[in-house]
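# Topology and contacts: notes
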Amino acid sequence: MKYTFSSLAGFRSASSWFEVYATFSTFMMLLRTIMNDLIPENVRSFIITKLKAFFSYSKSNNMVSLTINQLWDDRNGDSNELYEAALYYLPMKITRTYKSLKIGKQNEHEDLVFAVDAKEEVVDEFEGIKFNWMLHDGSNEEEKSSKREFKLSFDEKHREIVVKKYIPHVLGAYQTMQRERRILKLKSWSDGYYWNETDLSHPATFESLGLDPELKKTIIDDLEKFFKRKEMYKKVGKPWKRGYLLYGPPGTGKSSLIAAMANYLKFDVYDLDLNSINSNSELMSAMRETSRRSIIVIEDIDCNKEVNTRSNTHREPYATDSEDDIGNAKVDDAKVNDDKGEKFTLSGLLNCVDGLWSSYGEERIMIFTTNHVEKIDPALLRPGRMDMHINLSFLKAKAFRVLVSNYLDIRDHHPLLEQIEDLLEKTEFTPAEVAEQLLRSEDPDIALDQLLKFLTEKSMKRQAKKAAKKSNETEILLQSK
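Residues numbered from 1 in each chain as written. Predicted model: local features only at pLDDT ≥ 70, side-chain atom pairs only at ≥ 80, totals over all residues. Heavy atoms only, no water.

### Some details on the overall build of the protein chain
Across its full length, the protein chain carries 15 helices and 15 strands. In the protein chain, which comprises 481 residues, the share counted as buried stands at 37%. Summarising the internal contacts of the protein chain: among those between residues at least 6 apart in sequence, 69% fall at separations of at least 24. Approximately 30,200 Å² of the protein chain is accessible, and the part contributed by carbon and sulfur atoms is 53%. (Helix = DSSP H or I, 4+ residues; strand = E, 2+ residues; numbered from the N terminus. Buried < 20%, exposed > 50% of the residue type's maximum accessible area, 1.4 Å probe, protein only. Contact = heavy atoms within 4.5 Å. Areas by Shrake-Rupley, 256 points an atom, 1.4 Å probe, with all protein chains shown as cover.)

Shown next as structure tokens:
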């Protein structure tokens, strides 16, 4: 039946429009029945998929997409930081409207964590612009791929905003979140091939350290200055790194200070035992595998025979501060460089500290520790290699007040404090010795009383030992005459 324009005028009444609607509905039901009965399911799915794709393309032909692969280079296994950023950034955009989410509990986190599911698109809004994210994880039957990637779709006219503003925004949010909730790692070099990794769970902070408050402030200020001066290092043409030498008797808190620095900066720690390094090339490999925002620690540097082959045990600890000694150190460096053998040498270490290899990566801190600073080769102590020398000495009154506050919550006066502080000023005791005594009781009166007895007894024994030694020396001197 053919309808003309004039005949449509007859459909002005409600009954006429209802009749047309009923006829159309009957036709659609008949068509759906025919399709379900006569057309196979796989053919129907194929047709529907193609129709959706066609209409989607027709509607969004001005849309472009960026692919963000998990691995930037499959051959080398290089990771893509932007993929990691999206992985952590997008869950913050998940709301109750999303139907399909992933949820879990990780060992290092107290709270439940959410993740994007590949089954649903995530929409993010930035500066009034909508961006569509979709995760492809190879879970769909048709894909049959282990590659993981994000697809970021947006209107083509926003391309410049995406590159210059939106992606930096995602990366910045990710880096901020990582700093706030980051689980620090402690890594050690193993078998000449890789770094073993474990969580750095050391609870030390600058607030808990038994350090002189002025020394503590000096260290924090130096770290802050280093952390904020990236452009300054670039301007003067120096690698963005900092070197520290921690020296002092055993038990004075060198390891605790390193942990406090790591917790303060949110840097991973690479603990490098030079005795496990067999050649300069292996040392270079180990350094190449370290990441930015890290602290590289070489403990007991004076105990490595290769590093201290040239050491003169009669040198003064800071003989290198003079121009003549700095010149001599340069001559010594040249002599060491004559050694072309495939073994670990001092020159290899020096090249990692301030040579060309020291510029591999940035935002790094290198720390040497020693109990005997006088045994370290002067070439390692030259300015520019160890920028700051920190003497962690025996416990004195000011640092003791910090320990008492932390361990016993004593923040004002106690009748035993003055006697204890007087003994600490006169006799050498390490923070470790005092802290061990403070842990013996949570009652301030009992703990301080036991500490006073311990310090008094130890002080008397040391004085008696010194007196006996002096007496023996006098007797030997008289006998020699």
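### Thoughts on the side chain of Lys216
Checked against the element boundaries, Lys216 lands in helix 5 (residues 213-227). Of note is the side chain of Lys216, whose polar atom sits 2.8 Å from the backbone oxygen of Phe206. Excluding residues that lie within four positions of it along the chain, Lys216 makes contacts with Phe206, Glu207, Leu209, Leu211 and Val402. (Polar contact = N/O pair within 3.5 Å; in protein donor to acceptor, adjacent residues only side chain to side chain.)

### Quick notes on the sheet that holds strand 11 (residues 241-247)
Here we have 7 strands laid out as an open sheet, ordered 10-9-12-13-14-11-15, and mixed in their pairing. In this open sheet, the two edge strands, each paired with only one partner strand, are strand 10 (194-199) and strand 15 (388-391). Strand-to-strand twist of the sheet, defined as the mean angle between neighbouring strand axes without regard to direction, takes the value 25°. Sheet topology places strand 9 (residues 185-190) next to strand 10; 6 bridges connect them, and they run antiparallel. From the neighbouring strand, Trp189 faces strand 10, where its bridge partner is Trp195. The sheet strands contacting helix 5 are strand 11, strand 14 (364-370) and strand 15, and the helix crosses strand 15 at an angle near 155°. On top of the sheet, helix 10 (residues 346-354) reaches strand 11, strand 13 (294-298) and strand 14; it is set at about 140° to strand 14, its chief contact. (Pairing = 2+ DSSP bridges. Axes fitted to C-alpha atoms, helices over the stretch in contact; angles between N-to-C directions.)

### Digging into the packing of aromatic side chains
The final tally for this structure, using the stated rule, is 14 aromatic pairs. On the basis of an interplanar angle of 65° and a centroid distance of 5.3 Å, the ring pair of Trp189 and Trp195 is categorised as edge-to-face. On the basis of relative accessible area, Trp189 is assigned to the buried category, the value being 8%. One cation-aromatic arrangement involves Arg462 over Phe429; the distance from NZ or CZ to the ring centre is 4.5 Å. (Phe/Tyr/Trp six-rings, centres within 6.5 Å; stacked < 30°, edge-to-face > 60°. Lys NZ or Arg CZ within 6 Å of the ring centre and 35° of its normal.)

### Topic: the packing of helix 12 (residues 397-408) against helix 13 (residues 417-426)
Remark: helix 12 packs on helix 13, axes separated minimally by 9 Å, with the N-to-C direction vectors making an angle of 135°. Taken together, helix 12 and helix 13 sit at an angle that is classed as oblique. The hand of the helix 12/helix 13 crossing is right-handed. Here Ala397, Phe400, Arg401 and Val404 of helix 12 come into contact with helix 13, specifically with Leu417, Ile420, Glu421, Leu424 and Glu425. For the contact of helix 12 with helix 13, the residue count by class is 6 nonpolar, no polar and 3 charged. (Parallel < 35°, antiparallel > 145°, perpendicular 65-115°, else oblique. Left-handed = near helix turned anticlockwise from the far one by under 90°. Nonpolar A, V, L, I, M, F, W, Y, C, P; charged D, E, K, R; others polar.)

### Considerations on the packing of helix 13 against helix 15 (residues 444-480)
It is at 10 Å that the axes of helix 13 and helix 15 come closest, and there the two elements cross at 30°. Judged on the interaxial angle alone, helix 15 and helix 13 are roughly parallel. As for the relative orientation of helix 13 and helix 15, their crossing is left-handed in sense. Mapping the contact onto sequence places Leu417, Gln419, Ile420, Leu423 and Leu424 in helix 13 and Leu448, Leu451, Leu452, Leu455, Thr456 and Ser459 in helix 15. The class makeup of the residues in the contact of helix 13 with helix 15 is 8 nonpolar, 3 polar and no charged.

### As for the confidence of the model for the protein chain
Averaged over the protein chain, the pLDDT score is 79; the fraction of residues at 70 or greater is 78%. Note that pLDDT drops below 50 for residues 1-8; the model gives that stretch 1 contact with residues more than four away or on any other chain. The low-confidence segment residues 310-341, where pLDDT is below 50, has 40 contacts with residues more than four positions distant or belonging to other chains. (pLDDT = per-residue confidence, 0-100.)

### A word on the pattern of salt bridges
Applying the stated criterion to the full structure yields 20 salt bridges. The closest approach of N and O atoms between Lys185 and Glu197, which form a salt bridge, is 4.0 Å. Remark: Glu197 occurs in strand 10 and Lys185 occurs in strand 9; sequence separation between them is 12 residues. Close ionic contact of Lys217 with Asp221 constitutes a salt bridge, the shortest N to O distance being 2.8 Å. Of this pair, Lys217 and Asp221 both sit in helix 5, 4 residues apart, which is roughly one turn of the helix. (Salt bridge = Lys/Arg side-chain N within 4 Å of Asp/Glu carboxyl O.)

### Quick look at the sheet that holds strand 1 (residues 63-69)
The pairing of strands in a sheet happens through backbone hydrogen bonds and is either parallel or antiparallel. Strand order in the open sheet formed by 4 strands is 1-8-7-6, and the pairing between neighbours is antiparallel. Either end of the sheet is taken by a strand with one partner, and the two such strands are strand 1 and strand 6 (122-126). Each strand of the sheet is rotated relative to its neighbour by a mean of 25°, with strand direction disregarded. For strand 6 and strand 7 (residues 129-136), the ladder comprises 5 bridges, and the chain directions are antiparallel. Bridging from a neighbouring strand, Val122 pairs with Trp133 of strand 7.

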